[in-house]
Amino acid sequence: MAETPVRAKSFLYTAAPFGHEDRAGFQFVGLPEGGVDPELTAFLAGHIGYTPPLGVPSQPSPEEIKTHCPVTTRIIPNAPGGFGLVICTRYVGQVYLADGARGKWGNFMAHALAVPGDWGADSAALISIARNMTWRTDLTAEEIATGRALFMPDVNVAATAPADSLALAESDRAAAIAAALARLDGDGSLLLPGTDPDVALDQFAEIAAALPEPLRCRLRWSSFEFDAGAGYDIMATSGATQLQDDVNAYLRLDAPPHDALYSWAGAEAVRDPETFWTRFLLVHDAETSEPVSKGLGLLREVDEAAPGEPAPVRRMLGIMRDHAPDAKLVSAATKTFRDGFGALRGAEAGNIGLLIAAGQEASALSEWSGSDVVLQELIGWAGSSPEIHAAFSSDADPRPLSRAMARAVADGHDVACVLEWVLAAARDRIDSDAPNDGLVAAILDVVPEGNAALLLHLARQQAGSAGQLALTSALLLRAADREGLAWLDAVTTGLREALPGQADRLIASLRLRVCELRAAQPTDAPGVAGTVAEFDIAALDELDAARVLAVVETLERGLPEVAPRHRGGTAANILEIVQRLGDDVGVAPNALALAASASPPRATALREHPSHLAKVLRSTDSAIYTAFFDTALSGISSASLAAAASDVAALWRADIRTHFVAAASAHFMRDTSHQSTADHLDDALIAYGATRPGSQANDDWSLVCEAVALKVCVRVRDDQFDELRSRHGTSPMFEALERRRARRLRSVASSIGTALSGLFSRRNGGG
């Protein structure tokens, strides 16, 4: 398929009496109309020349020139200025003279094109242009008669795809590729002896098409050279050729390159060119023109690597990590790694260092190919090792795994790397319900004391699943037992900063452990309450309920000291914890009572929960229960003592008898605006009469009713009191009320008399 044409600059070079150097002789007689960089002109002149073959007559006729003097086409990619050069040179015999006659013999005509852009860097495109171009072969009579230097217009040129017909046999094609690769590494030029220039161009095109562009564009081509040492990388000869004496100075298709590596590469490139060159270009840096043999050697190492020899594959993967996967390399690496795993299964099964090395190679393969099948196979095998099995057995024994990890560290592997590998191998067991005490003990055996940073690093790695969080929590909590409360506090703070929003449940679990440790210190009760107030309650959802309950029960031992001061965040969080535990588990009474004391609705909720209230009544500390009772009482309506009797009596406890009577009495006397004083007194008398003696609780409730009645009876009008006497006169309470009223009236009369006496005394004294 033809490509879009480009504009190429045109040059003519010959021996004539005129030209751009304003003299006679060999010179540029034609230069581009738009001008050209002198550096390019000088470079081009250095590649223009023609030496006729041996045996050409000294004064050949036109027919003899055509027969004995082949046309030379030279292809030079990447010339100065970003141009590619195509130079067509033919022998024309005699020098041009001004009168149109011819002078001495030995003249040639060169017509050159400077092709810009990407085509100028691609020798395959330049070869195509050379085959399609109509070249200048002579100067015209008019140009000679004028005698002025020519200015050549730019020429439209186009490259076409190579023809389907092949100019080389398969074996010759492999040999030509091998020779070209050897030449790129500094070996001799490739000669195509006895080859017609047109056939040579066909062969050039085929060789160029077989090479990847970064390689073929480093080669210079010539379709005919008399001297094999002319310096072109690939060139043809015709007829007798002046060869150098050193047989190693050039390469031929009928003899392999000196290094068998190139023959191997040529055969591979012919057999499966797409795969071979794709892999080669991934490992070969064409920008630095590094030796071709370096990339070829690595390719051959990988293809011929013995089973269990992963080094060349690893090097290849290291170079190719940032490129697209190569199916052949993936296959070779997978086989190599799997063979290597088999070699590890014997007596070295407990060598964690070997497993880490194999795992790193498999991980490199996974990252490059996008498939972690090999890595998962290795991790799965390592996970079934006796050392890990011993750490998770029913009678867990951490010693085998500890010894294996200690050996790996002694062999030079980083502690963090060893631990990460072991945790990856144990992942399935970690995510199951298997106890992890043995694994935790083995890890702590190899983690130096005081190394919060390493354990924090592991915590970051193990925060993805419930099992991983459980392991991390157990690991940090066990380490806290060894390191102390301050160390755990520091780790918890570090986790919060390192994993914002990602480790809330883990942090909550650690904060619970802080509570446990603080609650064990009787002098740190405020610290306990403060820690509880910091809980992220949402993070407790997936923590073990029994453990949360145990922590709450531990906490409550320190709560009596801080109960009056910590009812806000502490109370709210404890109530939330208890509610999440559900009705089927026990309740910490101090914690629950403290939580309920925070607000009347919470107190009402607890009062209406028989099982929880029963435990609070039975076991709560007096100070905490008193605070709860006051809050619960505020949630009971003061409209009717009789209606509230059962609710208030249900909150009675012997250790708060005095407070019970005083607080309940004050509560029911607090507000009487909703009804008349007489009705309130009637309510108190009814409630008192309904109380049956026989228990301390009933007796104390009677005292509450009596206190209310005695308080309000003096406010009742006489007619209202007489009416109440008709209903309650037989009650022992009523007699007490009458005495109370009588004392109150006498007290009032005495007060009035004293006041009047004083008034009269002052007046008399003043008269």
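Parameters and conventions
Residues numbered from 1 in each chain as written. Predicted model: local features only at pLDDT ≥ 70, side-chain atom pairs only at ≥ 80, totals over all residues. Heavy atoms only, no water. Helix = DSSP H or I, 4+ residues; strand = E, 2+ residues; numbered from the N terminus. Buried < 20%, exposed > 50% of the residue type's maximum accessible area, 1.4 Å probe, protein only. Contact = heavy atoms within 4.5 Å. Axes fitted to C-alpha atoms, helices over the stretch in contact; angles between N-to-C directions. Parallel < 35°, antiparallel > 145°, perpendicular 65-115°, else oblique. Left-handed = near helix turned anticlockwise from the far one by under 90°. Nonpolar A, V, L, I, M, F, W, Y, C, P; charged D, E, K, R; others polar. Salt bridge = Lys/Arg side-chain N within 4 Å of Asp/Glu carboxyl O. Core = buried A, V, L, I, M, F, W, Y, C linked by side-chain atoms within 4.5 Å. Expected span 1.5 Å × (residues − 1). Arc of directions from axis to C-beta. Polar contact = N/O pair within 3.5 Å; in protein donor to acceptor, adjacent residues only side chain to side chain. Pairing = 2+ DSSP bridges. pLDDT = per-residue confidence, 0-100. Patch = residues over 30% accessible without salt bridge, like charges linked within 9 Å, V, L, I, M, F, W, Y side chains within 5 Å. Areas by Shrake-Rupley, 256 points an atom, 1.4 Å probe, with all protein chains shown as cover. Lys, Arg positive; Asp, Glu negative; His and termini not counted. Charge placed at Lys NZ, Arg CZ, Asp CG, Glu CD. Phe/Tyr/Trp six-rings, centres within 6.5 Å; stacked < 30°, edge-to-face > 60°. Lys NZ or Arg CZ within 6 Å of the ring centre and 35° of its normal.

S.K.: Any chance you could break down the overall build of the chain for me, citing the residues and the numbers?
M.R.: Within the chain, the regular secondary structure consists of 37 helices and 11 strands. Among the 767 residues that make up the chain, the fraction classed as buried is 49%. In the chain, 69% of the contacts between residues at least 6 apart in sequence involve partners at least 24 apart.

S.K.: Which residues make up the packing of helix 34 (residues 677–690) against helix 35 (residues 696–713), and what are the values?
M.R.: Packing of helix 34 against helix 35 brings their axes to within 9 Å, and their N-to-C directions diverge by 155°. Looking at the two axes, helix 34 sits roughly antiparallel to helix 35. Crossing of helix 34 against helix 35: the hand is left-handed. Of the residues in helix 35, those in contact with Thr677, His680, Leu681, Ala684, Ala687 and Tyr688 of helix 34 are Trp701, Ser702, Cys705, Glu706, Val708, Ala709, Val712 and Cys713. Along the lines of polarity and charge, the residues of the contact of helix 34 with helix 35 split into 10 nonpolar, three polar and one charged.

S.K.: Let's hear about unusual backbone geometry: which residues, and what values?
M.R.: Phi is positive for Asp22, which is not a glycine, with a value near 55°. Mapped onto the elements, Asp22 comes out in the loop between strand 1 (6–16) and strand 2 (25–32).

S.K.: Help me get a handle on the pattern of salt bridges, residues and values and all.
M.R.: Applying the stated rule across the entire model yields 18 salt bridges. A salt bridge links Arg279 to Asp303; its shortest N-O distance comes to 3.1 Å. One end of the pair, Arg279, is in helix 9 (residues 273–283); the other, Asp303, is in helix 10 (residues 292–303), with 24 residues separating them in the sequence. The class of Arg279 is buried, set by a relative accessible area of 1%. Overall, Asp303 belongs to the partly exposed group, its relative accessible area being 29%. Asp700 serves as the salt-bridge partner of Arg657, at 2.8 Å between the closest nitrogen and oxygen. Of this pair, Arg657 sits in helix 33 (residues 657–669) while Asp700 is found in helix 35, placing the two residues 43 residues apart along the sequence. Here Arg657 falls in the partly exposed class, since its relative accessible area comes to 32%.

S.K.: How would you sum up the nonpolar core? Please name residues and give values.
M.R.: Counting residues in hydrophobic clusters, the biggest one holds 122 residues, and the most contacted among them are Leu181 and Leu439. Broken down by element, this core gets its largest block of residues, 10 residues, from helix 5 (residues 170–184). Once residues within four sequence positions are removed from consideration, Leu181 is found in contact with Leu215, Tyr262, Ala265, Trp277, Val292 and Leu296. Residues Tyr625, Leu641, Leu651 and Val712 belong to the second largest nonpolar core, which totals 46 residues.

S.K.: Tell me about helix 10, and name the residues and values.
M.R.: Compared with the 16 Å implied by 1.5 Å per residue over 12 residues, the 17 Å span of helix 10 between its first and last C-alpha is a close match. Three or more residues of helix 10 are buried, namely Val292, Gly295, Leu296, Leu298, Leu299 and Val302. Take helix 10 and look down its axis: the buried residues cluster within an arc of 160°, on one side only.

S.K.: Summarise helix 8 (residues 260–271); cite the residues concerned and give the values.
M.R.: Helical periodicity: at 3.6 residues per turn, an α-helix aligns residues three or four positions apart in one direction. Helix length check: helix 8 (12 residues) gives 17 Å between terminal C-alpha atoms against 16 Å at 1.5 Å per residue, within 8%. Taken residue by residue, helix 8 has Leu261, Tyr262, Trp264, Ala265, Gly266, Glu268, Ala269 and Val270 as its buried positions. Looking at where helix 8 begins, the residue whose side-chain oxygen comes 2.9 Å from the main-chain nitrogen of Leu261 is Asp259.

S.K.: Tell me about the pairing of strand 3 (residues 72–79), and please be specific about residues and values.
M.R.: Of all eight residues that make up strand 3, seven are buried, and the element is covered over most of its length. Of the strand pairs in this sheet, strand 3 and strand 4 (residues 83–96) are connected by six bridges, and their pairing is antiparallel. Residue pairing for strand 4: Thr72 is matched across the bridge by Thr89. The hairpin formed by strand 3 and strand 4 contains three residues between the paired strands, and Gly81 there has a positive phi angle of roughly 85°. As judged from the two bridges shared by strand 3 and strand 9 (residues 221–222), these two strands associate in the antiparallel manner. By the bridge assignment, Arg74 is partnered in strand 9 with Ser222.

S.K.: Please give an account of the side chain of Gln27 that cites residues and values.
M.R.: With respect to the secondary-structure elements, Gln27 resides in strand 2. Within the structure, Gln27 has its side chain in polar contact with the backbone oxygen of Ala16 (distance 3.4 Å). With sequence-adjacent residues up to four places away left out, Gln27 is seen in contact with Leu12, Tyr13, Thr14, Ala16, Phe18, Gly19, His20, Glu21 and Asp22.

S.K.: Break down the confidence of the model for the chain for me, citing the residues and quoting the values.
M.R.: Of all residues in the chain, 79% attain a pLDDT of 70 or more, and the chain-wide mean is 79. Residue range residues 748–764 is modelled with pLDDT below 50. Its contacts to residues more than four positions away, or to other chains, number zero contacts.

S.K.: Give me a positive patch on the surface: which residues, what numbers.
M.R.: Together, Lys711, Arg715, Arg739, Arg740 and Arg743 make up a region of like positive charge exposed at the surface. Structurally, Arg739 can be placed in helix 37 (residues 732–766).

S.K.: I'd like to hear about the packing of aromatic side chains, residue by residue, with values.
M.R.: Within the structure shown, the criterion is met by 14 aromatic pairs. Ring geometry for Phe629 against Phe660: centres 5.5 Å apart, planes inclined by 40°, an arrangement best described as tilted. Residue Phe629 is found in helix 31 (residues 622–634), and its partner Phe660 is found in helix 33; the two are separated by 31 residues along the sequence. One aromatic cluster in this structure is built from Phe11, Tyr13, Phe26, Phe28 and Phe108. Stacked on the ring of Tyr625, the Lys or Arg Arg653 has its end atom at 4.3 Å from the ring centre.

S.K.: So what's going on with the pairing of strand 2? Which residues, and what values?
M.R.: The two faces of a sheet get side chains in turn, since along a regular strand they alternate between them. Most of strand 2 sits inside the fold, with six of its eight residues counted as buried. The pairing of strand 1 with strand 2 spans five bridges and is antiparallel. In the sheet register, Thr14 faces strand 2, and the bridge partner there is Gln27. Sheet topology places strand 2 next to strand 6 (residues 150–152); three bridges connect them, and they run parallel.

S.K.: An account of the environment of Ser61 is needed here, citing residue identities and associated values.
M.R.: Note that Ser61 resides in the loop between helix 1 (38–45) and helix 2 (62–68). Taking relative accessible area as the criterion, Ser61 reaches 25% and is therefore assigned partly exposed. Along the backbone, Ser61 and Gly93 are 32 residues apart, and their C-alpha atoms lie at a distance of 8.3 Å.

S.K.: Report on the environment of Phe11, specifying residues and quantitative values.
M.R.: Counting through the fold element by element, Phe11 comes out in strand 1. It is 8.6 Å that separates the C-alpha atoms of Phe11 and Phe151, two residues lying 140 residues apart in sequence. Those residues within four positions of Phe11 in sequence are excluded, and the remaining contacts are Phe28, Gly30, Leu31, Pro32, Val36, Leu40, Thr41, Leu44, Ala110, His111, Ala112 and Ala114.

S.K.: Give a detailed account of the side chain of Lys9, specifying residues and quantitative values.
M.R.: Its location among the elements puts Lys9 in strand 1. It turns out Lys9 is buried and unbridged, and the closest side chain with the opposite charge, Asp154, is 4.4 Å from it. If we skip the residues at most four places from it in the chain, Lys9 touches Pro32, Gly35, Phe83, Ala112, Leu113, Ala114 and Asp154.

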